[in-house]
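Here is what each chain is made of, one letter per residue.
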There are 2 protein chains.
Amino acid sequence: MSARAEGRRIAILAADGFEESELFEPKSALEDAGAEVHVISLNTGEIEANRHRETGKTIPVNDVLGNAKAERFDALVIPGGLFSPDALRINDDVKSFVRDFFAQKKPVAAICHGPQILIDADVVKGRTLTSVEAIRTDLANAGAKVVDEAVVVDEGLVTSRTPKDLEAFCAKLVEEVCEGQHAAQAQSV
Amino acid sequence: MSARAEGRRIAILAADGFEESELFEPKSALEDAGAEVHVISLNTGEIEANRHRETGKTIPVNDVLGNAKAERFDALVIPGGLFSPDALRINDDVKSFVRDFFAQKKPVAAICHGPQILIDADVVKGRTLTSVEAIRTDLANAGAKVVDEAVVVDEGLVTSRTPKDLEAFCAKLVEEVCEGQHAAQAQSV
């Protein structure tokens, strides 16, 4: 497969305790497609993964919330893990950062517990999505239409349930990022 | 302080990844007051605590869901931690076990992420309660009136925010368990 996302800049939003595979696999898939991936977090330095309840690998933070702006990115990826969305969802800079991607109609992809952040950003009402089973009542109560599928795409919002869905999640994510590019190219004609 | 909860049987509902202090401190406070405390979980054996992202102590499980019945207990305690409520809230036996305590008007105490289980048990509508900040939007969306206080008591429902509130949480929990006893004694007159 040729690189189809050259020049696209993607933000991955995570904090300590993100689920390891849910950050590293989408990052690899996007980079393999030619995109430039930036890790955005609450603080400078590095963040440490979880592999479910065990701690995992670390990754450097490229930019911090408050400084990072949605305008400078073409898409947003939100990994799960229990601690990362839990720490991020209460932060006002997170909420406005996420809302801006929706306002700018850019692709947003969230997996597992990642959609918890979409609840606090107040962007799920009327949207069709999926997630890890544990947070589905919360998503439904927030106004989402929740389904149980490996990957769901609803007008640029890509969601999946668990690490088992990563292959389907990454494929749809790359596809949406490339569609974003196509739309931008169309506008520039 | 003399033991005021002799003969009371209390269920603590937890799974792997419960926040260590949020199980052990209420357990000690109840036992110091004379109560008999049973740990109820998904499987036999033992469960292991977290201390935030680190793993902590283990504790034996006394009875499993499906077998344990609310009728045999005088009150229910639900510790937080991110993994324990996350694993428990999707389980049908958990939901009916929790609902039965409410139906039987017995004290229920939940701290931190513990109230997530109350959302899936569908018992928070119209109730006043508190929790860790991260899940407050979910509780409000489920119909609860959410406040930010160290401990809240609403007709036998005792809730607190984080481990920092444990002293106030344990005091109110023991008080409610003893009130339950008083009510029972009054009925038997």
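Residues numbered from 1 in each chain as written. Chains lettered and ligands numbered in written order. Predicted model: local features only at pLDDT ≥ 70, side-chain atom pairs only at ≥ 80, totals over all residues. Heavy atoms only, no water.

Participant: Explain the sheet that holds strand 4 (residues 46–51) of chain A to me, and be specific about the residues and the numbers.
Facilitator: All names here are of chain A. As summarised here, the arrangement of the 3 strands in space is 2-4-5, forming an open sheet in which the pairing is mixed. The open sheet has two edge strands, strand 2 (18–19) and strand 5 (54–60), and neither has a second partner. Sheet topology places strand 4 next to strand 5; 5 bridges connect them, and they run antiparallel. Residue pairing across strands places N50 opposite T55, the latter belonging to strand 5. (Pairing = 2+ DSSP bridges. Helix = DSSP H or I, 4+ residues; strand = E, 2+ residues; numbered from the N terminus.)

Participant: Residues and numbers for the relation of the copies chain B and chain A, please.
Facilitator: When chain B is fitted onto chain A, the two copies agree to an RMSD of 0.0 Å after a turn of 180 degrees and an axial shift of 0.0 Å. Taken together, the rotation angle and the small translation identify this as a two-fold axis. When the interface residues of chain B are mapped onto chain A, 100% of them again lie at the interface, so the same face is used by both copies. (Least-squares fit on C-alpha atoms with pLDDT ≥ 70 in both. Contact = heavy atoms within 4.5 Å.)

Participant: Give me the lowdown on the side chain of A:S41, citing residues and values where you can.
Facilitator: Residues and elements named next belong to chain A. Considering the arrangement of structural elements, one finds S41 in strand 3 (residues 36–41). Under the relative-accessibility criterion, S41 is labelled buried at 2%. A polar atom in the side chain of S41 sits 2.6 Å from the backbone oxygen of A14. Aside from chain neighbours lying at most four places away, what touches S41 is A14, A15, I47, V61, D63, V64 and L65. (Buried < 20%, exposed > 50% of the residue type's maximum accessible area, 1.4 Å probe, protein only. Polar contact = N/O pair within 3.5 Å; in protein donor to acceptor, adjacent residues only side chain to side chain.)

Participant: Would you mind going over the interface of chain B and chain A in detail, with residue names and values included?
Facilitator: Taken together, the contact between chain B and chain A spans 24 residues of the former and 24 residues of the latter. When chain B packs against chain A, the two sides together hide about 2,200 Å² of surface, and 50% of this comes from carbon and sulfur. Three residues stand out in chain B for area buried against chain A, namely B:R53, B:L82 and B:F83, and they jointly supply 34% of the buried area on that side. Linking chain B with chain A are 4 salt bridges. With a closest N to O distance of 3.1 Å, B:E48 and A:R53 form a salt bridge. Where chain B meets chain A, there are 14 residue pairs in polar contact (both at pLDDT 80 or more). (Buried area = accessible area lost by both parts, 1.4 Å probe. Salt bridge = Lys/Arg side-chain N within 4 Å of Asp/Glu carboxyl O.)

Participant: Requested: an account of the sheet that holds strand 5 (residues 63–64) of chain B, with residues and values cited.
Facilitator: Strand order in the open sheet formed by 7 strands is 5-2-1-6-7-11-10 (chain B), with mixed pairing between adjacent strands. Only two strands of the sheet have a single partner each, and these edge strands are strand 5 and strand 10 (151–154) of chain B.

Participant: Could you give an account of helix 1 (residues 20–32) of chain A, naming the residues involved and the relevant values?
Facilitator: An α-helical turn contains 3.6 residues, so a residue and the one three or four places further along point in the same direction. Residues and elements named next belong to chain A. For helix 1, with 13 residues, the first-to-last C-alpha span of 18 Å sits near the 18 Å given by 1.5 Å per residue. Taken together, the buried positions of helix 1 are occupied by E20, E22, L23, F24, P26, K27, A29 and L30. Just beyond helix 1, the residue with positive phi is G34, at close to 100 degrees. (Expected span 1.5 Å × (residues − 1).)

Participant: Tell me about the pairing of strand 8 (residues 108–111) of chain A, residues and numbers included.
Facilitator: All names here are of chain A. Here strand 8 shows a buried face lined by V108 and A110 and a second buried face lined by A109 and I111. Two strands pair when backbone bridges link them, and strand 7 (residues 75–78) and strand 8 are joined in this way by 3 bridges, in the parallel orientation. In the strand pairing of strand 8, I78 is matched with A110. In the sheet, strand 8 pairs with strand 12 (residues 157–160) via 4 bridges, with the strands oriented parallel. Counted as the bridge partner of V108 is L157 from strand 12.

Participant: Could you give an account of helix 3 (residues 92–103) of chain B, naming the residues involved and the relevant values?
Facilitator: Residues and elements named next belong to chain B. Between the first and last C-alpha of helix 3 there are 16 Å, a value that for 12 residues agrees with the 16 Å anticipated at 1.5 Å per step. Taken residue by residue, helix 3 has V94, K95, F97, V98, F101 and F102 as its buried positions. Along helix 3, the residues classed as buried sweep out an arc of 165 degrees about the axis, all on the same side. Helix 3 presents D92 and A103 as exposed residues on the side facing more than 90 degrees away from its buried surface. Measuring from the side-chain oxygen of the N-cap residue of helix 3 to the backbone nitrogen of D93 gives 2.8 Å; that N-cap residue is N91. Taken from the residues just after helix 3, K105 is the one with a positive phi, measuring 55 degrees. (Arc of directions from axis to C-beta.)

Participant: Describe the pattern of salt bridges, with residues and values.
Facilitator: Residues and elements named next belong to chain A. This model, assessed by the stated rule, comprises 28 salt bridges over all chains. A salt bridge links D120 to R89; the shortest N-O distance between them is 2.5 Å. You can see D120 sitting in helix 4 (residues 115–120) and its partner R89 sitting in the loop between helix 2 (83–88) and helix 3 (92–103), a full 31 residues away along the chain.

Participant: Outline the state of the cysteines, listing residues and values.
Facilitator: Residues and elements named next belong to chain B. Applying the stated criterion to the full structure yields 0 disulfides over all chains. Summary of cysteine pairing: C178 is not part of a disulfide, and the nearest cysteine sulfur, belonging to C170, is at 13 Å. Classification of C178 as buried rests on a relative accessible area of 3%. (Disulfide = S-S within 2.5 Å.)

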